[in-house]
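Read off the chains here:
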Amino acid sequence: MSGNPFRKRLPAAVAPKVVSEYLLSASGPEQFPKEEHPEIAFLGRSNVGKSSLINALVGQKKLAFTSNKPGCTQALNFYRVDSLYNFVDLPGYGYARVPEEIRIEWKKLIESYLLERKALELSVLVLDARRGWMEPDLELKRWLEAHRRPYLVVATKMDKLKNQSQRQQSLINLRTGADDPMLCSAATGRGVREIWQAITKTRRPR
Ligand code: GDP
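One structure accompanies this document, and this report is about it.

Definitions and limits used
- Residues numbered from 1 in each chain as written.
- Predicted model: local features only at pLDDT ≥ 70, side-chain atom pairs only at ≥ 80, totals over all residues.
- Heavy atoms only, no water.
- Phe/Tyr/Trp six-rings, centres within 6.5 Å; stacked < 30°, edge-to-face > 60°.
- Helix = DSSP H or I, 4+ residues; strand = E, 2+ residues; numbered from the N terminus.
- Buried < 20%, exposed > 50% of the residue type's maximum accessible area, 1.4 Å probe, protein only.

### Side note on the packing of aromatic side chains
Then comes step 1: Under the definition given, this model contains eight aromatic pairs.
Then comes step 2: Considering the side-chain rings of Phe78 and Tyr113, the 6.4 Å spacing of their centres and the 75 degrees angle between planes classify their relative orientation as edge-to-face. Taken as a pair, Phe78 in strand E3 (residues 76-81) and Tyr113 in helix H3 (residues 100-116) lie far apart in primary sequence, 35 residues in all.
Then comes step 3: The exposure class assigned to Phe78 is buried, which follows from its relative accessible area of 0%.
Then comes step 4: Seen in terms of ring centroids, Phe87 and Trp196 are 5.7 Å apart; in terms of plane orientation they differ by 35 degrees. Their pairing is tilted. Pair noted here: Phe87 is in strand E4 (residues 85-89) and Trp196 is in helix H6 (residues 192-201), with a separation of 109 residues, a long-range link.
Then comes step 5: Taking the relative accessible area as the measure of exposure, Trp196 reaches 12% and is therefore buried.
Then comes step 6: Three or more aromatic residues joined by ring pairs form one cluster here, namely Phe42, Tyr85, Phe87 and Trp196.

If you want it as structure tokens, here you go:
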């Protein structure tokens, strides 16, 4: 898209020339779009930075909705990226103030998408670099492995680690749950190119 303010803030090398648009929000499978494009799903705890990561990947500041109110996204948001992929922002999990019955509903919705969606090619499990692996993240990772769903792990908000000792501690923690998490920051664009490379590498031939 033209006139894109976020792209101006990123170095040219990490801001891909990607045309992207919001498609729809779905609160149930009957509202999902047709399975005509390979899908990349973004998963993570509420407020972890999924929407900001999607925006950084497409080089737009406001494609995916970002918010400071964790837990307010209850739908799956679909975006068409580069006329080629759908990016799917899944509802954040692990938000303590959500009533149990709603949490169960979200879990059912997320799991049914991850299990039944044939177009799903890759899940991006997003962690907060400052917090590393938390129990719901580990649970989701085990679930993806048990169901043989390909995924990659991305630790975002790296810019919030202010000194070497914080960065080292973060890496130690991140490596307890995955061999090689990708490190990124939606604020600086760090890691964006590498995540794109990983996404394009995992594409199945159609
Ligand atoms: P989501 O709920 O997982 O989609 O999280 P959001 O993308 O809405 O981000 C939650 C908050 O974290 C917002 O205030 C974002 O501006 C902030 N945020 C997200 N990613 C980054 C990042 O890489 N660096 C910094 N400094 N802040 C970030």
